[in-house]
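Residues per chain, in single letters:
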Amino acid sequence: MPPSAFLVRDVIQYVLPTLVALVLFVPLATDDVGGGPLVLGAVVLAVIAGTLLSTIGGPVIRLLPGLAGRARRHRRNRAWWNRNFDFVRLWYRLTQAERQNLYATQAYAEMYAMVGFYLLAYVVMNAVLCFLGFALPAMEEGAAFDLEMAKTIAAALWEIETPMFGDWRAPSIALVLIGLCMLVFAAAGHAREVELLFGDEGQYVSLARIHHLETGDIATGLWGRVSHAGRPLANASITIMDVNDEKLGWSETDRRGRFQAPHLFADSFPPGQEAAARTFRLEISTDDEDKLCVIPLTRRQIPELNINLT
């Protein structure tokens, strides 16, 4: 019998990062620890404090340069799609395999974030050891800084060491550099997994599209993009009306030419009503011109409109 999806998720999300943390920091206290006790300690610590550490570490790692901007973009993207799809309803329509895929992707995203957090702490710790342990070599008064002096300083830095498993010590400055490289990879992995979950072509949006085509009740808003000669058209005013010119909603395009009218599609197709196509009239106003687009939609169509003004 295969392990449950929840067990696999918890191992990836909590136990593996905790094991990485123990491998990094336990040698500072002792290196007389076997693999079995280390794994058991990771499991126990993950159960006791895994959620708390994840709550602290995730936001910290998302503040790093290069990740902070992507994190803000992901939050805006999630808010955008939450106004277009009913993800709560979607969750109860998902198959077990689809839910397990989402669990796994979320677990990997959190794992990369926590590994990055522990690597950041390890880099800072080794940098502090270098700072506290470094003694500037004696120099003659008025001596110029040259290659020989640089070698002497580098050698002094290289002598500062950090305990490792196996009863050996590694240069702290080397661990700082290696840790920074691994931190970059962990941060990139976190950003990639989050994009797989919440991006425009991510798992949640893709599954919402698939299930809406089957059931017709996952999409809630009406949204799209307006372009002019193939380029996004920003700050265009869009008034949405029915065939009787009754106003249903209003929106304005953003800098990417996107617009949305939350709840409009769901309100136009009440639950349990297999209505035929409904016609929406979109009056698009720009500084240069006004244009009327007539769009028929059925319940099981994706209410996403791509309008090119020529």
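Structure report, in brief. (Residues numbered from 1 in each chain as written. Predicted model: local features only at pLDDT ≥ 70, side-chain atom pairs only at ≥ 80, totals over all residues. Heavy atoms only, no water.)

## Description of the overall build of the protein chain
- Looking only at helices and strands, one finds nine helices and 10 strands in the protein chain.
- Taken over the C-alpha trace, the protein chain has a radius of gyration of 28 Å; the compact-globule value for 310 residues is 19 Å, which it surpasses by more than 25%.
- If one aligns the C-alpha atoms of the protein chain with their principal axes, the spans along those axes are about 90 × 65 × 25 Å.
- Taken across its 310 residues, the protein chain has 42% of its residues classed as buried.
- Contacts in the protein chain between residues at least 24 apart in sequence constitute 67% of all its contacts with a sequence separation of at least 6.
- Carbon together with sulfur atoms contributes 61% to the accessible area of the protein chain, which is approximately 17,400 Å² in total.
- Mean positive and mean negative side-chain charge positions of the protein chain (27 and 32 charges, respectively) differ by 7 Å. (Helix = DSSP H or I, 4+ residues; strand = E, 2+ residues; numbered from the N terminus. Rg over C-alpha atoms; globule rule 2.2 N^0.38 Å. Buried < 20%, exposed > 50% of the residue type's maximum accessible area, 1.4 Å probe, protein only. Contact = heavy atoms within 4.5 Å. Areas by Shrake-Rupley, 256 points an atom, 1.4 Å probe, with all protein chains shown as cover. Lys, Arg positive; Asp, Glu negative; His and termini not counted. Charge placed at Lys NZ, Arg CZ, Asp CG, Glu CD.)

## Observations concerning the pairing of strand S7 (residues 258–261)
- Along S7, one buried face is formed by Arg258 and Gln260 and the opposite face, lined by Phe259 and Ala261, is buried too.
- Where strand S3 (residues 222–228) lies against S7, four bridges are found, and the strand directions are antiparallel. Bridging from a neighbouring strand, Trp223 pairs with Gln260 of S7. (Pairing = 2+ DSSP bridges.)

## Details of the environment of Val20
- Turning to its location among the elements, Val20 is positioned in helix H1 (residues 5–25).
- Separated by 19 residues in sequence, Val20 and Val39 place their C-alpha atoms 9.9 Å apart.

## Quick word on a nonpolar patch on the surface
- Taken together, the side chains of Val39, Leu40, Val43, Val44, Val47 and Ile48 define a hydrophobic patch exposed on the protein surface, amounting to about 560 Å² of accessible area.
- Within the secondary structure layout, Val44 lies in helix H2 (residues 35–61).
- Looking at Val44, the relative accessible area reads 41%, which means it is partly exposed. (Patch = residues over 30% accessible without salt bridge, like charges linked within 9 Å, V, L, I, M, F, W, Y side chains within 5 Å. Salt bridge = Lys/Arg side-chain N within 4 Å of Asp/Glu carboxyl O.)

## Looking at the pairing of strand S2 (residues 168–171)
- Relative to S2, strand S1 (residues 161–164) is paired through four bridges, and the arrangement is antiparallel. Residue pairing across strands places Glu161 opposite Pro171, the latter belonging to S2.
- Here S1 folds back onto S2, and the loop between the two strands holds three residues, one of which, Gly166, carries a positive phi near 90°.

## Here we look at the side chain of Asn126
- Relative to the assigned elements, Asn126 resides in helix H5 (residues 96–133).
- Apart from residues lying up to four places away in sequence, Asn126 is in contact with Thr162, Ser172, Leu175 and Val176.

## Comments concerning unusual backbone geometry
- Residue Asp245 is not a glycine yet carries a positive backbone phi of 65°.
- Tracing the chain through its elements places Asp245 in the loop between strand S5 (237–241) and strand S6 (247–252).
- The phi dihedral of His263 is positive, around 70°, even though this residue is not glycine.
- The residue His263 is located in the loop between S7 and helix H9 (264–268) in this model.

## Overview of helix H8 (residues 203–215)
- Under the 1.5 Å per step criterion, the end-to-end length of H8 is 18 Å for 13 residues, consistent within 8% with the ideal 18 Å.
- Contacts made by the buried residues of H8 are with helix H3 (68–82), helix H4 (87–93), H5, helix H7 (172–198), H9 and strand S10 (304–309).
- One or two positions beyond H8, positive phi appears at Gly216, with a value near 75°. (Expected span 1.5 Å × (residues − 1).)

## Details of the pattern of salt bridges
- For the structure shown, the criterion picks out 10 salt bridges.
- Note that Asp10 is salt-bridged to Arg9, the shortest N-O span being 3.3 Å.
- Residue Glu304 pairs with Arg209 through a salt bridge whose shortest N-O separation is 2.7 Å. Highlighted residues: Glu304 in strand S10 and Arg209 in helix H8, separated in sequence by 95 residues.
- The network of salt bridges with shared partners includes Asp86, Arg89, Arg93 and Asp217.

## Considerations on the nonpolar core
- With 38 residues, the main nonpolar core has Phe85, Leu222, Ile240, Phe280, Leu282 and Ile307 as its most contacted residues.
- Residue contributions to this core peak at four residues, all from H8.
- Excluding anything up to four places from it in sequence, Ile307 contacts Arg225, Val226, Ser227, Leu282, Ile284 and Cys293.
- Judged by nonpolar contacts, the second largest core, of 23 residues, contains Ala21, Leu64, Tyr122 and Leu175. (Core = buried A, V, L, I, M, F, W, Y, C linked by side-chain atoms within 4.5 Å.)

## What about the sheet that holds strand S9 (residues 290–297)?
- Read from one edge of the open sheet, four strands run S6-S5-S8-S9, paired in antiparallel fashion. In this open sheet, the two edge strands, each paired with only one partner strand, are S6 and S9. Within this sheet the neighbouring strands show an average axis-to-axis angle of 20°, counted without direction. (Axes fitted to C-alpha atoms, helices over the stretch in contact; angles between N-to-C directions.)

## Thoughts on the packing of aromatic side chains
- All chains considered together, the criterion is met by 11 aromatic pairs.
- Within the aromatic cluster, the residues linked to one another by ring pairs are Trp80, Trp81, Phe85, Phe87, Phe198, Tyr204 and Trp223.
- Its guanidinium or amino end placed over the ring of Tyr103, Arg9 lies 5.3 Å from that ring's centre, counting from NZ or CZ.
- One cation-aromatic arrangement involves Arg78 over Phe198; the distance from NZ or CZ to the ring centre is 3.9 Å. (Phe/Tyr/Trp six-rings, centres within 6.5 Å; stacked < 30°, edge-to-face > 60°. Lys NZ or Arg CZ within 6 Å of the ring centre and 35° of its normal.)

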